[in-house]
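# Residue-level structure breakdown
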Amino acid sequence: MLRSLIFFLTLCLSSLGLIFSQNDYELNQAASLEASGDWEGAVSIYKDYIKRNPSEQAYLMLFNTLKNNGEYKDAENYIKDAIEQFPKRVEFCVELFLLYEQWGNEKKAEKYFNKILKNLKANHSDIVRIGNAFLSARRFENAKQIYLKGRELLGDKTAYGFQLGSIFLQEGDYESIAKEYLFMLESDSRNLPQIEANLAALFARDSSNLIQTVETQWQQLYRKHKNNPYFSQFGLWLYTQSNQFDKALEMAKYIDKTFESNSGGGMSDFAENMANAGQISTARRAYRYVLDKGEECVFYQRSLIGYANVMYESFIQTPDKGERLEELKKLFSLVFEKCGYGKESFETVLSAADILAFYDNQAEQAVELLERCIKTNSFSINEKAEMKLLSAEIYNRFGDSWQASLLCSQVEKDCKNSPLADRAKFFKAMLSYYNGEIEWALSQFKSLRASTTKLISNDAMEYSVLIAENRDDDSTFSAMQWFAAAERERNYSNFEAAYQYLDSIERGYLYHPLFDECIYLKALLAKDKGEIDVADSLFKSLLLKYPYDLTADDAIMQLAEIAEKHYHDLNAAKEYYQKLILDYPTSLYVTQARKHHRRLENY
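Residues numbered from 1 in each chain as written. Predicted model: local features only at pLDDT ≥ 70, side-chain atom pairs only at ≥ 80, totals over all residues. Heavy atoms only, no water.

## Points about the overall build of the protein
Quick note on the threshold: The helix and strand labels rest on DSSP assignments: H or I over at least four residues marks a helix, E over at least two residues marks a strand, and numbering proceeds from the N terminus. In this setup the radius of gyration rests on C-alpha atoms only. A globule is expected at 2.2 Å times the number of residues raised to 0.38. Only protein chains enter the area calculation, which uses a 1.4 Å probe; residues under 20% of their type maximum are buried, those over 50% are exposed, and those in between are partly exposed. Contact criterion: two residues are considered in contact whenever any of their non-hydrogen atoms come within 4.5 Å of each other. Here the accessible surface of atoms and residues is derived via Shrake-Rupley with a 1.4 Å probe, and residues count as covered only by protein chains that are part of the display. We score Asp and Glu as negative and Lys and Arg as positive, and we do not count His or the chain ends. To locate a charge, the coordinates of NZ of Lys, CZ of Arg, CG of Asp or CD of Glu are taken.
Check the secondary structure of the protein and you find 32 helices and zero strands. Its C-alpha radius of gyration of 33 Å places the protein more than 25% over the 25 Å reference for a compact globule of 603 residues. Expressed along its principal axes, the backbone C-alpha trace of the protein runs to roughly 85 × 70 × 70 Å. In the protein, buried positions account for 47% of the 603 residues. Within the protein, residue pairs in contact and separated by at least 24 positions form 52% of the contacts whose partners lie at least 6 positions apart. Working note: accessible area of the protein is about 31,900 Å², and carbon and sulfur atoms make up 49% of it. Computed over 71 positive and 87 negative side-chain charges, the inter-centroid distance for the protein is 6 Å.

## Describing the packing of helix H20 (residues 363-374) against helix H21 (residues 381-397)
Cut-off, in case you're wondering: Fitted lines through C-alpha atoms serve as axes, helices being fitted only where they are in contact, and the angles separating the N-to-C directions of these axes extend from 0 to 180 degrees. Angle categories: roughly parallel below 35 degrees, roughly antiparallel above 145, roughly perpendicular from 65 to 115, and oblique for all the rest. In this scheme, a crossing is called left-handed if the near helix is turned counterclockwise away from the far one by less than a right angle; it is called right-handed if the turn is clockwise.
Interhelical geometry of H20 versus H21 gives an angle of 160° and a closest axis separation of 10 Å. As judged from the angle between their axes, H20 and H21 are roughly antiparallel. Here H20 runs over H21; the crossing is left-handed. Of H21, the residues touching H20 (which contributes Ala 363, Ala 366, Val 367, Leu 370, Glu 371, Cys 373 and Ile 374) are Lys 384, Met 387, Lys 388, Leu 390, Ser 391, Ile 394 and Tyr 395.

## A short note on the packing of helix H17 (residues 300-317) against helix H18 (residues 324-339)
We apply this condition: Residue polarity follows a fixed list, in which Ala, Val, Leu, Ile, Met, Phe, Trp, Tyr, Cys and Pro are nonpolar, Asp, Glu, Lys and Arg are charged, and the others, Gly among them, are polar.
Packing of H17 against H18 brings their axes to within 10 Å, and their N-to-C directions diverge by 155°. Judged by the inter-axis angle, H17 sits roughly antiparallel to H18. Where H17 crosses over H18, the two elements pack in a sense that is left-handed. For the pair H17 and H18, the contacting residues are Tyr 300, Gln 301, Leu 304, Ile 305, Tyr 307, Ala 308, Met 311, Tyr 312, Ser 314 and Phe 315 in the first and Arg 324, Leu 325, Leu 328, Leu 331, Phe 332, Leu 334, Val 335, Lys 338 and Cys 339 in the second. Of the residues that constitute the contact of H17 with H18, the class distribution is 15 nonpolar, two polar and two charged.

## Examining the nonpolar core
We count it as follows: Only buried residues count toward a nonpolar core, which is a set of Ala, Val, Leu, Ile, Met, Phe, Trp, Tyr and Cys residues joined through side-chain atoms within 4.5 Å.
Within the largest apolar cluster, 141 residues are counted, with the highest numbers of intra-cluster contacts made by Leu 199 and Phe 234. Once you skip the residues sitting within four places of it in the chain, Phe 234 turns out to touch Leu 182, Leu 185, Leu 192, Ile 195, Glu 196, Leu 199, Val 214 and Trp 218. Counting residues in hydrophobic clusters, the runner-up holds 60 residues, among them Ile 456, Ala 484, Ala 486 and Ala 593.

## Considerations on the packing of aromatic side chains
So the rule is basically this: Only the six-membered ring of Trp is used, alongside the rings of Phe and Tyr, when aromatic pairs are assigned; centres must lie within 6.5 Å, and planes under 30 degrees apart are stacked while those over 60 apart are edge-to-face, with the rest tilted. Cation placement over rings: the criterion is NZ of Lys or CZ of Arg within 6 Å of the ring centroid and within 35° of the ring normal.
Applying the stated criterion across every chain, the model contains 26 aromatic pairs. Ring plane angle 75° and centroid distance 6.0 Å describe the contact between Tyr 59 and Phe 86, whose orientation is recorded as edge-to-face. Note that Tyr 59 is positioned in helix H3 (residues 56-68) and Phe 86 in the loop between helix H4 (72-85) and helix H5 (91-103), a separation of 27 residues in sequence. Centre to centre, the rings of Tyr 511 and Phe 515 are 5.8 Å apart; their planes meet at 75°, and the pair counts as edge-to-face. Cation over ring: Lys 226 sits above Tyr 254, and NZ or CZ is 5.9 Å from the ring centre.

## Focus on a positive patch on the surface
Cut-off, in case you're wondering: Residues enter patches when their relative accessible area tops 30% and they take part in no salt bridge; the joining distance is 9 Å for like charges and 5 Å for the nonpolar side chains Val, Leu, Ile, Met, Phe, Trp and Tyr. Any carboxyl oxygen of Asp or Glu within 4 Å of a side-chain nitrogen of Lys or Arg constitutes a salt bridge here.
Taken together, Lys 454, Arg 594, Lys 595 and Arg 598 make up a surface patch of like positive charges. The biggest single contributor to the positive patch is helix H32 (residues 590-601), with three residues. Looking at the secondary structure, you find Lys 454 in helix H25 (residues 454-468).

## A closer look at H21
Put simply, the rule reads: Each helix should span, by expectation, one fewer than its residue count multiplied by 1.5 Å.
With 17 residues, H21 ought to run about 24 Å at 1.5 Å a step, and its terminal C-alpha atoms sit 24 Å apart, in line with that. For H21, the buried fraction is high: 12 of the 17 residues fall into the buried class. Inspection of H21 places Glu 383, Lys 384, Ala 385, Met 387, Lys 388, Leu 389, Leu 390, Ser 391, Ala 392, Ile 394, Tyr 395 and Asn 396 among the buried residues, and these make up the whole buried set. Buried-residue contacts for H21 involve helix H19 (346-358), H20, helix H22 (401-414) and helix H23 (419-434). Count one or two residues on from H21 and you reach Gly 399, which has phi positive near 100°.

## Re the confidence of the model for the protein
Just so we agree on the cut-off: On a range of 0 to 100, pLDDT expresses the predictor's confidence in each residue.
In this model, the protein carries an average pLDDT of 89, and 95% of its residues clear a pLDDT of 70 or more. Ranking the elements of the protein by mean pLDDT puts helix H1 (residues 2-35) last with 57 and helix H16 (residues 280-291) first with 96. Here residues 1-22 is a poorly scored stretch, pLDDT under 50, and it has zero contacts once near neighbours within four places are set aside; other chains count.

## A word on the environment of Tyr 509
Note on placement: Tyr 509 falls in the loop between helix H27 (495-508) and helix H28 (515-528). Taking the relative accessible area as the measure of exposure, Tyr 509 reaches 22% and is therefore partly exposed. Residue contacts for Tyr 509: discarding those within four places in its chain leaves Asp 472, Ser 478, Ala 479, Trp 482 and Phe 515.

## Let's talk about the environment of Ala 200
For Ala 200, the position within the fold is in helix H11 (residues 192-205). Since its relative accessible area comes to 30%, Ala 200 is described here as partly exposed. The sequence separation of Ala 200 and Leu 238 amounts to 38 residues, and the corresponding C-alpha distance is 9.6 Å.

## Description of the pattern of salt bridges
In the structure shown here, the tally under the stated rule is 41 salt bridges. With a closest N to O distance of 3.4 Å, Lys 529 and Glu 496 form a salt bridge. Placement of the pair is Lys 529 in the loop between H28 and helix H29 (532-545) and Glu 496 in helix H27, with a sequence separation of 33 residues. On the accessibility criterion, Glu 496 (49% relative accessible area) is partly exposed.

This is the structure we're talking about:
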């Protein structure tokens, strides 16, 4: 008996599966006929299908086929039938409205929209679905009326503010966007994270005008909401969005004093955000504000570490190091005295070792610091791998490439199939390259082109192409070895030695495919030395002589950076980015150039 029941159920389920399969097959068959041009055959299948199985999907597919082929009356009848059969599928009403518009019957479309509006109920789900359907069809005015009517029905003046904000942006109505979002903030401060997230998306599409309008509206309201911490937080966020970092810092101070009992917590977060955004000067002043509260401040150690890290970045970016080296060393010593050699001070350990080795001629002390930390249990495997890679760089810089290679092999073993392992492999390949083992380096670069780390993959590809295209006539790499040595010396700031290797190439050959690379590297050397005019002239010379060689797009990016950051000529920078986009569409820099070009258009 039980076996018979199981058999019967199995048979029923199998039959049901066959029905579903058959149904799917019929709809797919109809869609295929339509795609091949036989829309009438598709309509015949859809209509027959609906008689047996009146599903939402079938109605919609039939409706679209009829509408797309000008059978408006038939389409109208079927979508009306669908609306009646599936009253919960409120989007069908929008389809009928759009049909009337496509049909060219504006009066009928307007009349039907008014009917939709009149029949709208105080049902949040239906309001959103109908409004979003109009939005998807880019009928922004209709969507706006739906949301405003829905707001009225629900008795909630802040409802659908985010959807309305998107519509106002399409209409260019920045004042309404500002009022909408600020009213939501006034009504419920819990909206702040969502307001900032949505406005950030809108700013990305039209930043300067919209930010200015929102800021103006906020300033008017801020006078009466000065005691509301959320309005102050929003102002802080606005100032950072519009790159008004001095004002942002003053607002962060006000928030700390007024709402956070001078705790320094919010200021510490602000400083960290500024550091991550590359705003070193603002981050430095923010951290300094917390440190001035003294060691009794809960956030003192965190701010001390952050302060040391931004001071290191500032030191690296400043050509004239001067007395700042000793100040930085004292700061590192203070960090280790107050915070120890723990996980929190990991970045400071790396920075201190870098300074000791490469700026203070104390390579042994740098390696000792790193080895001491590697031996402790305070750091993760990945953090220790970072320290080993820095140690490898120090060893290589001072002539022990064997020890450097050994450390890289340890990282490969400890961090298999990870970005750190790929970095170690790439560094070993660079060691071979710098040491003139060009064939071996080429094989390593080729294997790294499949790296999951995009930066390493791109660099490996670049060096693979560089080596492959610059063999000497006798299939050796004599000139390439000199060029690699020049890159090595530049990497270690031995500028005169680098120039000598490049001069050797230019003197040793009447012509060599590396000549454009030599000009490019000389330009980089001039830029490293702060000789911006020389660098600018060399990059321009490269473009004139070798406009189609591998270094051309690199030179354009360099020229754009010089124009913007050194000459403050935004129009010239924009022209360079545009040239790269138009003349070098396959360049790896195109995406980056588009972002910069779009950013400069807003100034």
